[in-house]
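Examination of the molecular architecture
What follows is each chain in one-letter form.
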Amino acid sequence: MLWEEAAQGFAAMGSESRLQVLRCLIRAGHDGLLVHEIQERSGIAPSTLAHHLKFLTGAGVVEQERSGRSTVNRANFDQLEQLANFILSECCADSPSEAKSND
């Protein structure tokens, strides 16, 4: 994962409302949610919710799929896992106690 891609993903989650939307989608699992279902669970106004979904989708942490006249929104679990691995990949690399345990 490139630094720019990681920064965009983390920036998308950098708002309390967008994090709330993402958490709703994560809780829904691979089935995802329709916009009105996210709105009911989050209490976010529809116009504001559309803005947040656009931001999250643009960063690749949410995927949208048209189903007839509706749009199903899903957390992109692969992208979220890559972001988690990116930020944790250097865990404790500079810790003196970690260096000793690797000897």
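Cut-offs used in this document
- Along each chain, residues carry numbers from 1 onward, in the same order as the chain's sequence is written.
- Under the rules for a predicted model, residues below a pLDDT of 70 receive no local features and side-chain atom pairs below 80 are neither given nor counted, while totals for whole chains, interfaces and linings still include all residues.
- The basis for every side-chain value is the complete set of heavy atoms in the structure, and neither hydrogens nor water enter the calculation.
- Any residue with relative accessible area above 30% and no salt bridge may belong to a patch, with like charges joined within 9 Å and the nonpolar Val, Leu, Ile, Met, Phe, Trp and Tyr side chains within 5 Å.
- Calculation of accessible area relied on Shrake-Rupley with a 1.4 Å probe; when residues are assessed, cover is drawn exclusively from the protein chains displayed.
- Definition used for salt bridges: Asp or Glu carboxyl oxygen within 4 Å of a side-chain nitrogen of Lys or Arg.
- Segments assigned H or I by DSSP are reported as helices when at least four residues long, segments assigned E as strands when at least two residues long, and all are numbered from the N terminus.
- Three labels apply to residues, based on accessible area from a 1.4 Å probe with only protein chains included: buried if under 20% of the type maximum, exposed if over 50%, partly exposed otherwise in between.
- UniProt positions are given in the numbering used here, feature names are shortened, and annotations may be inferred rather than shown by experiment.
- Any two strands with at least two DSSP-identified bridges between them are counted as paired.
- Any two residues whose heavy atoms approach within 4.5 Å at even a single point are treated as in contact.
- Whenever a helix is involved, its axis is fitted only over the stretch in contact; in every case the axis is a line through C-alpha atoms, and angles between N-to-C directions fall within 0 to 180 degrees.
- Roughly parallel refers to an angle under 35 degrees, roughly antiparallel to one over 145, roughly perpendicular to one between 65 and 115, and oblique to any angle outside these ranges.
- Definitions for this section: a left-handed crossing has its near helix turned counterclockwise from the far helix by less than a right angle. A right-handed crossing has that turn clockwise.
- The residue classification treats Ala, Val, Leu, Ile, Met, Phe, Trp, Tyr, Cys and Pro as nonpolar and Asp, Glu, Lys and Arg as charged. All others, Gly included, are polar.
- Stacked, tilted and edge-to-face are the three classes assigned to paired rings of Phe, Tyr and Trp, where Trp is represented by its six-membered ring and a pair needs centres within 6.5 Å; plane angles under 30 degrees give stacked, over 60 edge-to-face, the rest tilted.

Thoughts on a nonpolar patch on the surface
- Together, Phe 10, Ile 87 and Leu 88 line one region of the surface with nonpolar side chains, adding up to about 290 Å² of accessible area.
- The residue Leu 88 is located in helix H5 (residues 77-88) in this model.
- Judged by its relative accessible area of 56%, Leu 88 falls in the exposed class.

Overview of the UniProt feature "domain: HTH arsR-type" (unreviewed entry) in the chain
- Listed under "domain: HTH arsR-type" (unreviewed entry) in the UniProt record, and renumbered for this structure, are residues 1-95.
- With 59% helix and 15% strand, the stretch residues 1-95 has end C-alpha atoms that lie 24 Å from each other.

With respect to the sheet that holds strand S1 (residues 33-34)
- An order of S1-S3-S2 is seen for the 3 strands of this open sheet, with the pairing classed as antiparallel. At either margin of the open sheet sits one strand with a lone partner, and together these are S1 and strand S2 (62-67).
- As judged from the 2 bridges shared by S1 and strand S3 (residues 70-75), these two strands associate in the antiparallel manner. Note on S3: the bridge partner recorded for Leu 33 is Asn 73.
- The sheet contacts of helix H2 (residues 16-28) involve S1, S2 and S3, and relative to S3 the element is tilted by about 90°.

Side note on the packing of helix H1 (residues 3-12) against H5
- Viewed as axis vectors pointing N to C, H1 and H5 meet at an angle of 110°, and their least axial separation amounts to 10 Å. Viewed along their axes, H1 and H5 adopt a mutual orientation that is roughly perpendicular. For the pair H1 and H5, the sense of crossing is left-handed. Residues Trp 3, Glu 5, Ala 6, Gly 9 and Phe 10 of H1 form the contact with H5, whose own contacting residues are Gln 79, Leu 83, Phe 86 and Ile 87.
- Its residues assigned to classes, the contact of H1 with H5 shows 6 nonpolar, 2 polar and 1 charged.

Points about the packing of aromatic side chains
- Using the criterion set out here, one finds 1 aromatic pair in the structure.
- When the ring of Trp 3 is compared with that of Phe 86, the centres are 5.0 Å apart and the planes differ by 85°; the resulting orientation is edge-to-face. Here Phe 86 lies in helix H5 and Trp 3 lies in helix H1, a separation of 83 residues in the sequence.
- Relative accessible area serves as the criterion here: at 70%, Trp 3 is assigned to the exposed category.

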